[in-house]
Amino acid sequence: MPYLTTTPTGTASTDLRIGFGVPGYAHPLVAPVEWGGLTRPGTPLHWVVLNVSDGPGARPDPHCLEAAGRLRNAGVRVLGHLDVTYGARAFGELVSEAHRYLDWYQIDGFLLDRCPTERTALPEVRRTTDTLRALLGDGHIVLGHGTHPYPGYAETADQLVTFSGPWSDYRWSQVAEWTAEYPPERFCHFVHGMPRGHLDEALRIARWQGASTIYFTDRTDRGGSAGPWESLPGYWDELVSRIGTGVSE
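In what follows, the accompanying structure is described.

Here is what the cut-offs are and how they apply
- Residues numbered from 1 in each chain as written.
- Predicted model: local features only at pLDDT ≥ 70, side-chain atom pairs only at ≥ 80, totals over all residues.
- Heavy atoms only, no water.
- Helix = DSSP H or I, 4+ residues; strand = E, 2+ residues; numbered from the N terminus.
- Rg over C-alpha atoms; globule rule 2.2 N^0.38 Å.
- Buried < 20%, exposed > 50% of the residue type's maximum accessible area, 1.4 Å probe, protein only.
- Contact = heavy atoms within 4.5 Å.
- Areas by Shrake-Rupley, 256 points an atom, 1.4 Å probe, with all protein chains shown as cover.
- Lys, Arg positive; Asp, Glu negative; His and termini not counted.
- Charge placed at Lys NZ, Arg CZ, Asp CG, Glu CD.
- Pairing = 2+ DSSP bridges.
- Right-handed = clockwise from strand over helix to strand, strands pointing away.

## With respect to the overall build of the protein
Line of reasoning, step 1. Within the protein, the secondary structure is distributed over eight helices and eight strands.
Line of reasoning, step 2. Its C-alpha atoms give the protein a radius of gyration of 17 Å, near enough to 18 Å, the size a compact globule of 249 residues would have.
Line of reasoning, step 3. A burial count over the protein gives 52% of its 249 residues as buried.
Line of reasoning, step 4. Taking contacts inside the protein between residues at least 6 apart in sequence as the whole, the part at least 24 apart equals 75%.
Line of reasoning, step 5. Total accessible area on the protein is roughly 11,100 Å²; 49% of this is exposed by carbon and sulfur atoms.
Line of reasoning, step 6. Placing the 21 positive and 29 negative side-chain charges of the protein at their respective mean positions leaves the two points 2 Å apart.

## Digging into the pairing of strand β8 (residues 213-216)
Line of reasoning, step 1. Covered by surrounding structure in β8 are T213 and Y215 together with I214 and F216, the residues of both alternating faces.
Line of reasoning, step 2. Bridge analysis of strand β7 (residues 187-192) against β8 gives four bridges, and the strand direction is parallel. Along β8, the bridge assignment pairs V191 with F216.
Line of reasoning, step 3. Crossover handedness for the path β7 to helix α7 (residues 199-209) to β8: right-handed.

Spatial relationships are all this shows, so hold off on functional conclusions.
Following this line, the structure appears as structure tokens:
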């Protein structure tokens, strides 16, 4: 299989501690079960993204504040969602949204969604991440590329999302050779449209490609018209049990 033949030697390990990065559920009023289930003891969560309204919204949302507070009280890292729009968003807009997330929800870091991948965009992304780190003091930054970016991006964030897409692509995906220079804790994979019968195969791919943060779901994007991450996968309990009991970071 392609994901085996291109994987650097040594990245496959049964000792790899896989956990979840939740890309962002629907609003807590729409998805109360999803938000409530995240604080269940033993769920191996690395972080959860809070996306109020394509960002922090125009004013504090008490329902989102309550959901974020429960997670943080349970020791779960909460990240604010910043849409970089492949480099089209102005620096000032991103920083303004970051301030609102921090002031209203006391988040622990940021996911920079739709992050560019090109070498030429790296200086501006680094400028943004440096500013966010200064605001956070000690926080967690994830770059949501969705594919393998120019290697220099690995030096600007705590984690990179190097795959985000459908199972039909993931099962034949290949890992970039440069990722072998970094531990699995630096990489995330988000897969939608994945049938229950392929859970073991998908977990093997993540392990072989060296990604320790994952999110798998049977929900689809309906051809780009829906958010596949907004509700729980039908096999959530089974997926949690296959990964094993962990301690939230």
